[in-house]
Amino acid sequence: MILEGLVTTVDESGAMHLAPMGPIVDRPDFQSLRFRPYETSQTGGHLRRTKQGVFHLSDNVELFARSAIGLPVATSSTPAESVTGFVLVSCVRAFEFEVDSIDTSRERHELTARVVKVHHRAEWIGFNRAKHAVLEAAILATRFHLLPADEIDREFDRLRTIVGKTAGPTEEHAFALLDDARRRR
Ligand SMILES: Cc1cc2nc3c(=O)[nH]c(=O)nc-3n(C[C@H](O)[C@H](O)[C@H](O)COP(=O)(O)O)c2cc1C
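Residues numbered from 1 in each chain as written. Predicted model: local features only at pLDDT ≥ 70, side-chain atom pairs only at ≥ 80, totals over all residues. Heavy atoms only, no water.

(A) View of the environment of Lys 117. When you line up the elements, Lys 117 lands in strand S9 (residues 110-120). C-alpha of Lys 117 to C-alpha of Gly 5: the two residues are 112 residues apart in sequence and 16 Å apart in space. Apart from the residues within four sequence positions on either side, Lys 117 is in contact with Glu 81, Ser 82, Ala 94, Phe 95 and Glu 96. Looking at Lys 117, its side chain comes within polar contact range of the side chain of Glu 81, at 3.3 Å. (Helix = DSSP H or I, 4+ residues; strand = E, 2+ residues; numbered from the N terminus. Contact = heavy atoms within 4.5 Å. Polar contact = N/O pair within 3.5 Å; in protein donor to acceptor, adjacent residues only side chain to side chain.)

(B) Structural detail: the sheet that holds strand S8 (residues 93-103). If you walk across this open sheet you meet the 7 strands as S2-S1-S5-S8-S9-S4-S3, and the pairing is antiparallel. Whereas interior strands pair on both sides, the edge strands pair on one side only; in this sheet they are strand S2 (16-21) and strand S3 (24-25). Pairing of strand S5 (residues 52-57) with S8, which is carried by 6 bridges, proceeds in the antiparallel orientation. Of the residues in S8, the one forming a bridge with Val 54 is Glu 96. (Pairing = 2+ DSSP bridges.)

(C) Structural context of the packing of aromatic side chains. A full pass over the atoms with the stated rule returns 7 aromatic pairs. Note on Phe 35 and Phe 55: the rings are 6.0 Å apart at their centroids and 75° apart in plane angle, and the pair reads as edge-to-face. Of the two residues, Phe 35 sits in strand S4 (residues 32-35) while Phe 55 sits in strand S5, which places them 20 residues apart along the sequence. Of the two residues, Phe 35 and Phe 55, both sit in the buried class. Here the aromatic cluster, defined as three or more aromatic residues joined through ring pairs, consists of Phe 30, Phe 35, Phe 55, Phe 95 and Phe 97. Cation over ring: Arg 93 sits above Phe 30, and NZ or CZ is 4.8 Å from the ring centre. Taking NZ or CZ as reference, Arg 185 lies 5.8 Å from the ring centre of Phe 144, over its face. (Phe/Tyr/Trp six-rings, centres within 6.5 Å; stacked < 30°, edge-to-face > 60°. Buried < 20%, exposed > 50% of the residue type's maximum accessible area, 1.4 Å probe, protein only. Lys NZ or Arg CZ within 6 Å of the ring centre and 35° of its normal.)

(D) Quick look at the layout of surface pockets. The volume enclosed by the largest pocket comes to roughly 1,000 Å³. Counting only elements with at least two residues in the lining of the largest pocket, the list comes to S2, helix H1 (42-50), helix H2 (61-68) and helix H3 (129-141). Of all the elements, S2 adds the most residues to the lining of the largest pocket, at 5 residues. Considering only residue class, the lining of the largest pocket consists of 16 nonpolar, 11 polar and 6 charged. Roughly 640 Å³ of volume is contained in the second largest pocket. Lining the second largest pocket are 21 residues; nearest its centre among them are Leu 3, Glu 4, Ser 58, Trp 124 and His 132. (1 Å grid on protein atoms, 1.4 Å probe; cavity = no way out; pocket = protein on both sides within 12 Å on 5 of 7 lines; lining within 4 Å. Points joined across faces, edges and corners; volume = space filled by probe spheres on them. Nonpolar A, V, L, I, M, F, W, Y, C, P; charged D, E, K, R; others polar.)

(E) Structural detail: the site of the ligand. If you check the shell around the ligand, you find 16 residues, and the closest are His 17, Pro 20, Ser 41, Gln 42 and Thr 43. Within the side chain of Ser 41, a nitrogen or oxygen atom sits 2.8 Å from an oxygen atom of the ligand. Separating an oxygen atom of the ligand from a side-chain N or O atom of Arg 108 is a distance of 3.2 Å. Computed on the free molecule, the ligand has an accessible area of 630 Å², of which 84% lies beneath the protein chains in the complex. Here the ligand is seated within the largest pocket. Taken together, the elements giving at least two residues each to the shell around the ligand come down to S2, H1 and H3. (Near = heavy atom within 4 Å. Areas by Shrake-Rupley, 256 points an atom, 1.4 Å probe, with all protein chains shown as cover. Sits in = over half its atoms within 2 Å of the grid points.)

(F) Molecular detail of the packing of helix H4 (residues 149-166) against helix H5 (residues 169-184). One can describe the packing of H4 onto H5 by two numbers: an axis separation of 11 Å at closest approach and a directional angle of 165°. With respect to H5, the axis of H4 lies roughly antiparallel. The hand of the H4/H5 crossing is left-handed. For the pair H4 and H5, contact is made by Ile 152, Asp 153, Phe 156, Leu 159, Arg 160 and Val 163 and by Glu 171, Glu 172, Phe 175, Leu 178, Asp 179 and Arg 182, respectively. Partitioned by chemical class, the residues of the contact of H4 with H5 number 6 nonpolar, no polar and 6 charged. (Axes fitted to C-alpha atoms, helices over the stretch in contact; angles between N-to-C directions. Parallel < 35°, antiparallel > 145°, perpendicular 65-115°, else oblique. Left-handed = near helix turned anticlockwise from the far one by under 90°.)

Dropping the structure here:
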């Protein structure tokens, strides 16, 4: 199963780098994560260099939206405990991991990681359609350059209706950021 989350890695200057990623997870134990970053992904580059990172399950969709479109993200983190890295405060669970194997033979690299420490930070609040709609819009936003404009506009119209019916202020704001990025693309 693929779970969409947020990965923190450490860049060349030692600073935190944040990106949304959807690794394949083994369930129910979450002992391993299989990341599939594109060749161009900075996160993939950091993981190949440091072989460490932290994967987060979070319902803070503004973090997904901002990091998907490269807007500054001012979010608190604490130092990771078993790897060199950063654990986001705004998450439900965080998984510190070490990369055991790297396959760069395909366009989508494959990095298999072993979870070395789990943090339980909050309860899952439940399903909210607007949160899922923002997540879909964030994924589309990372593909603006690949997809036909009319297809993106149609999909945003559909997602906007869901956000209009079910969002709280955070989801409305996150969707508005993505919608602005769509208009400017
Ligand atoms: C929910 C979500 C999941 C994503 N999963 C992946 C993924 O598994 N692999 C990937 O290369 N990009 C994925 N992306 C796109 C990257 O986040 C996006 O290309 C981003 O710009 C990569 O950032 P980076 O270059 O800082 O690593 C995902 C985006 C979203 C919103």
